[in-house]
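What the coordinates show
These are the residues of each chain, in order.
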Amino acid sequence: MPVAVLLSTVELHAEDAAFPALFDQRERIAQPDLSGVVRLRFLTTVDFPPFNFIDSQGKLTGFHIDLIRAVCAELKIEAKCQVQAIAYNQLQEALASGQGEAVIAGVAVTPELRRTFTFSRPILQLPARFATRTDGPQSLAQLVDKPVGVIKGSAHEAMFGAFFPQITAKPFDNRMDMLEGLKSGAVNAVFSDALQLSFWLASREADGCCRFTDGPYFSERFLGEGLSVMVKNDDALLAQAIDHALTVLSRDGRLQDIYRRYFPIGLY
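The paragraphs below set out a description of the structure included in this document. What you see is a predicted model; the values in this text were computed from it and never measured.

**Overview of the overall build of the protein chain**
Within the protein chain one finds nine helices and 14 strands. Expected size for 268 residues packed as a compact globule is a radius of gyration near 18 Å; at 19 Å, the protein chain falls within 12% of this value. Taken along its principal axes, the extent of the C-alpha atoms in the protein chain is 60 × 40 × 35 Å. Expressed as a percentage of its 268 residues, the buried residues of the protein chain come to 51%. Once local pairs closer than 6 in sequence are excluded, the contacts in the protein chain between residues at least 24 apart make up 77%. Of the side chains in the protein chain, 26 bear a positive and 31 a negative charge, and the two mean positions are spaced by 3 Å.

Listed below in structure tokens is the structure:
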């Protein structure tokens, strides 16, 4: 199931949200008739864990794969659904040429792509967050007089300057140096992508040094719309069907269950 997910909110700061509501719980999107669909091929990749990857038994798995199964089950077309893994740089051409009907692989939504493709409603939001040392500041207020690490030239550096002009940024040349600076105490906090931070915090490399503090923070301006499914512009029926399934999965908690399965340290 195609996923290039994203967020419709322009700028949002949600405190202690286990999983942000992506859909209005009162909204109902009609399920279109898919009886004429011969097959539904979802194009993805194998190298974007935890979204899609090859497991220890050699099977393609991940958040996207489980979501595809859930969408197809909700639409009652499991027998027609297929998943095909190809190289990331081939996804757009493969979809445009009819080698598949949908892409779910973390493709960023851009105005240029919207001229050729249609994107589903949000599936997952990718916020920015602070990570701090466990023996350091534990609230935003405690960071005011302490430099915060950011990656030089990144969207997160720009977002940090716009959101927190009262806090001094300490730019690092790359992510590895920034995280080492946090672990060593060169900085007491960093501000970066919550997804990457979550897996570093759980890693042996971090060795329990640090944790999330405050946030999460969202900004369509700086971070884009998020992750969603991509289909061709002339396939409005499929786009509506996917939106219908995602709305139901969000409302009954199945989308949240899939999220918790692959993100043991929550992004939110």
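The structure having been displayed, the exposition proceeds.
**Points about the pattern of salt bridges**
Taken as a whole and assessed by the stated rule, the structure comprises ten salt bridges. Here R254 makes a salt bridge to E74, at a shortest N to O gap of 2.7 Å. One end of the pair, R254, is in helix α9 (residues 254-262); the other, E74, is in helix α1 (residues 63-74), and 180 residues separate them in sequence. Exposure remark for E74: the relative accessible area of 15% places this residue in the buried category.

**Let's talk about the packing of aromatic side chains**
What the rule picks out here adds up to 20 aromatic pairs. With a centroid separation of 6.0 Å and 70° between ring planes, the pair formed by F63 and F263 is classed as edge-to-face. You can see F63 sitting in helix α1 and its partner F263 sitting in the segment after α9, a full 200 residues away along the chain. Of the two residues, F63 and F263, neither departs from the other in class, the shared state being buried. Plain terms: the ring middles of Y259 and Y268 are 5.5 Å apart, the flat faces sit at 40° to each other, and that makes the pair tilted. Y259 sits in the buried class, given a relative accessible area of 2%. Residue classification places Y268 among the buried positions, given a relative accessible area of 8%. Every member of this aromatic cluster is reached through a ring pair, and the members are F48, F51, F63, F199, F218, Y259, F263 and Y268.

**Focus: α1**
Taking 1.5 Å per residue as the helical rise, α1 with its twelve residues ought to reach 16 Å, and the 16 Å between its terminal C-alpha atoms agrees with that figure. In terms of residue burial, α1 counts as a mostly covered element, since ten of its twelve residues are buried. Directly after α1, the chain includes K76, whose backbone phi takes a positive value near 60°.

**So, the nonpolar core**
F42, F63, L67, I123, L124, W200 and F263 are the most contacted members of the largest nonpolar core, which has 53 residues in total. Beyond its immediate stretch of four places on either side in the chain, F63 contacts P50, F51, I123, L255, I258, Y259, Y262 and F263.

**Brief notes about the state of the cysteines**
Tallied over the full model, the rule gives two disulfides. The disulfide bridge from C72 ends at C81, spanning 2.0 Å between sulfur atoms. One disulfide, between C72 and C81, carries an S-S torsion of -95° and so falls in the left-handed class. Across the pair, exposure class does not vary: C72 and C81 are buried alike. Here C209 is linked by a disulfide to C210, with a sulfur-sulfur distance of 2.4 Å. Around the S-S axis, the bridge from C209 to C210 shows a dihedral of about -95° and counts as left-handed. Both residues of the pair, C209 and C210, belong to the buried class.

What counts and how
Residues numbered from 1 in each chain as written. Predicted model: local features only at pLDDT ≥ 70, side-chain atom pairs only at ≥ 80, totals over all residues. Heavy atoms only, no water. Helix = DSSP H or I, 4+ residues; strand = E, 2+ residues; numbered from the N terminus. Rg over C-alpha atoms; globule rule 2.2 N^0.38 Å. Buried < 20%, exposed > 50% of the residue type's maximum accessible area, 1.4 Å probe, protein only. Contact = heavy atoms within 4.5 Å. Lys, Arg positive; Asp, Glu negative; His and termini not counted. Charge placed at Lys NZ, Arg CZ, Asp CG, Glu CD. Salt bridge = Lys/Arg side-chain N within 4 Å of Asp/Glu carboxyl O. Phe/Tyr/Trp six-rings, centres within 6.5 Å; stacked < 30°, edge-to-face > 60°. Expected span 1.5 Å × (residues − 1). Core = buried A, V, L, I, M, F, W, Y, C linked by side-chain atoms within 4.5 Å. Disulfide = S-S within 2.5 Å.

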